[in-house]
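Notes for the structure review
Spelled out, the chains give:
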Amino acid sequence: MNMDPIIRVDDVHKTFFTHHFFSKGEKTGARCFHEKRRVHAVKGVEFGIQRGEIFGLLGPNGAGKTTLVKMLSGLVRPTSGHVYVDGLDVDRQRLKVLRKIGVVLEGTRTSIWPLTPLENLAYFGNLKDVSGKVLKKRSHELLDFIGLSDKKDVQVRRLSRGQKQKLAICIALVADPDVILLDEPTTGLDVQSARSIKDRIIEMTRERNKTALVTTHDMGVAQELCDRIGIIKNGELAACKPTDELLDLFSEQVYELRLDRMPPDGTLGSIEGVLDVNFEAQGDEVLCVAAIEHEYALRSEALYAMLARLRERGVQLHSVSLRQQNLENVFLRVTGDPAS
Ligand SMILES: Nc1ncnc2c1ncn2[C@@H]1O[C@H](COP(=O)(O)OP(=O)(O)O)[C@@H](O)[C@H]1O
Ligand SMILES: [Mg+2]
């Protein structure tokens, strides 16, 4: 099995220049340079994606996700650094690379609206050198796979946003690429369409051995879909790890203790291994949220000590549970957002 990453992004930078002009005097009417602004959209990003993997690029709007997808598909040239697909430099061997990838860019204008889904697949298939019986068979299979068969003869302009997005995915898959790049594939879709698209992305990689790069600003989508996640902010990759390791990154564990009453002040003060404790009255109960050191032995001692102190003060314990770490929390910590 080939263990080289199928996608490699190697120290890539992208700087955009935006020019603002203004007209100079009514007589000449000449347009004159006014201001040149530089946007450093991607700053030294490096990562690799293995075959069969779903890799997520997670980051807020303006982080540089779409720019990276465009660089991988040869639509935007890196200012410096290189991007490789299956060992081919995207900048130098663009045509060969395009045969290996399918791209779904943000938005719904990726298909031709006066045509039907079948006609769109025929058109884009031909553009990508797929034709005849192979194209016909594949078009029907793809529409079936994505759940759009019943709309195959309806003009695209009459389809819902979710259905248009499904068609865009079929178009990206029409030449049977090894890699599919999906820019915000579920943004703006209803829960059901988003669910079905997420399921198809998983099926594609697990059963059809495709590799997927998915960009999203939605933590839930990233956590649910991706084997590995790169967190990007202001053009920089702040973290890049398997999803479960990312969730373990902040190694304290948060426990919730339900108590019958508010313990006296200082009951849980200065216990080794207890990092933070907060209390909140909830109906007849008091919820105690305690952040505890991850390290095994310390954690165990800290928990015993907390329970012993509560018992000493005559506080009854209704329940103890471990709160699941979520990606949102990790994201805020990694990106150093003040909200953390
Ligand atoms: N063609 C362009 N010209 C100038 N600036 C651009 C261009 N494309 C993107 N940018 C800027 O680059 C940054 C990253 O944009 P983008 O990659 O679209 O972010 P994301 O997809 O993560 O929301 C933003 O500040 C954006 O305004
Ligand atoms: Mg974008």
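Residues numbered from 1 in each chain as written. Chains lettered and ligands numbered in written order. Predicted model: local features only at pLDDT ≥ 70, side-chain atom pairs only at ≥ 80, totals over all residues.

Remarks on the domain arrangement of the protein chain
Domain assignment breaks the protein chain into domain 1 (7-11 + 43-247) and domain 2 (253-324). When each unit is reduced to the centre of its C-alpha atoms, the spacing between domain 1 and domain 2 is 46 Å. (Domains from an automatic or database assignment.)

Examining the site of ligand 1
In the vicinity of ligand 1, the residues found are F16, T18, V39, A41, G59, N61, G62, A63, G64, K65, T66 and T67. Those elements that place two or more of their residues in the shell around ligand 1 are strand 1 (7-24), strand 2 (30-49) and helix 1 (65-72). It is helix 1 that contributes the most residues to the shell around ligand 1, three residues altogether. Taken together, the residues of the shell around ligand 1 break down into four nonpolar, seven polar and one charged. (Near = placed C-beta within 6 Å. Helix = DSSP H or I, 4+ residues; strand = E, 2+ residues; numbered from the N terminus. Nonpolar A, V, L, I, M, F, W, Y, C, P; charged D, E, K, R; others polar.)

Brief notes about the pairing of strand 7 (residues 179-183)
With respect to burial, strand 7 is a largely interior element, five of its five residues being buried. Residues V179, L181 and D183 line one face of strand 7 and the alternating positions I180 and L182 line the opposite face, and both faces are buried. Looking at chain direction, strand 6 (residues 101-104) and strand 7 are connected through four bridges and run parallel. Considered in strand 7, the bridge of V103 is made with L181. At this point the chain moves from strand 7, through helix 6 (residues 191-208), to the parallel strand 8 (residues 211-216), and the crossover so formed is right-handed. (Buried ≥ 20, exposed ≤ 12 C-beta atoms within 10 Å, placed from the backbone. Pairing = 2+ DSSP bridges. Right-handed = clockwise from strand over helix to strand, strands pointing away.)

Digging into the sheet that holds strand 9 (residues 228-233)
Ordered in space as 6-7-8-3-9-10, the six strands form an open sheet in which the pairing is mixed. The sheet is open, and its two borders are formed by strand 6 and strand 10 (236-242), each paired with just one other strand. Across the sheet, the axes of successive neighbouring strands diverge by a mean angle of 15°, strand direction being ignored. Where helix 5 (residues 161-173) meets the sheet, its contacts fall on strand 6 and strand 7, and the angle it forms with strand 6 comes to roughly 160°. (Axes fitted to C-alpha atoms, helices over the stretch in contact; angles between N-to-C directions. Contact = placed C-beta atoms within 7 Å.)

Quick look at the packing of helix 4 (residues 132-146) against helix 5
Closest axis-to-axis distance for the helix 4/helix 5 pair is 10 Å, and the angle between their directions is 140°. If you check the angle between helix 4 and helix 5, you find them oblique. Of the two elements, helix 4 crosses helix 5, and the hand of that crossing is right-handed. Contacts between helix 4 and helix 5 involve L142, L143 and I146 from the first element and K166, I169, C170 and L173 from the second. (Parallel < 35°, antiparallel > 145°, perpendicular 65-115°, else oblique. Left-handed = near helix turned anticlockwise from the far one by under 90°.)

Points about the pairing of strand 3 (residues 54-58)
Burial of strand 3 is extensive: five of the five residues sit out of reach of the surface. Across the two faces of strand 3 the burial is the same, with I54, G56 and L58 and F55 and L57 all buried. The sheet contact formed by strand 3 and strand 8 spans five bridges and is parallel. Note on strand 8: the bridge partner recorded for G56 is V214. In the sheet, strand 3 pairs with strand 9 via four bridges, with the strands oriented parallel. When the bridges of strand 9 are listed, F55 appears paired with R228.

Things to note about unusual backbone geometry
Located in the positive-phi region is N209, a residue other than glycine, with phi close to 55°. By the element assignment, N209 lies in the loop between helix 6 and strand 8. The phi dihedral of S270 falls on the positive side, at around 40°, and the residue is not glycine. Relative to the elements of secondary structure, S270 occurs in the loop between strand 11 (253-259) and strand 12 (274-282).

Considering the packing of helix 3 (residues 117-127) against helix 4
Relative to each other, helix 3 and helix 4 sit at 130°, their axes nearing to 10 Å. Accordingly, the angle class assigned to the pair helix 3 and helix 4 is oblique. Taken as a pair, helix 3 and helix 4 cross one another with a handedness that is right-handed. Residues P117, L118, L121, A122 and G125 of helix 3 pack against L135, S139, L142 and L143 of helix 4. For the contact of helix 3 with helix 4, the per-class residue count stands at seven nonpolar, two polar and no charged.

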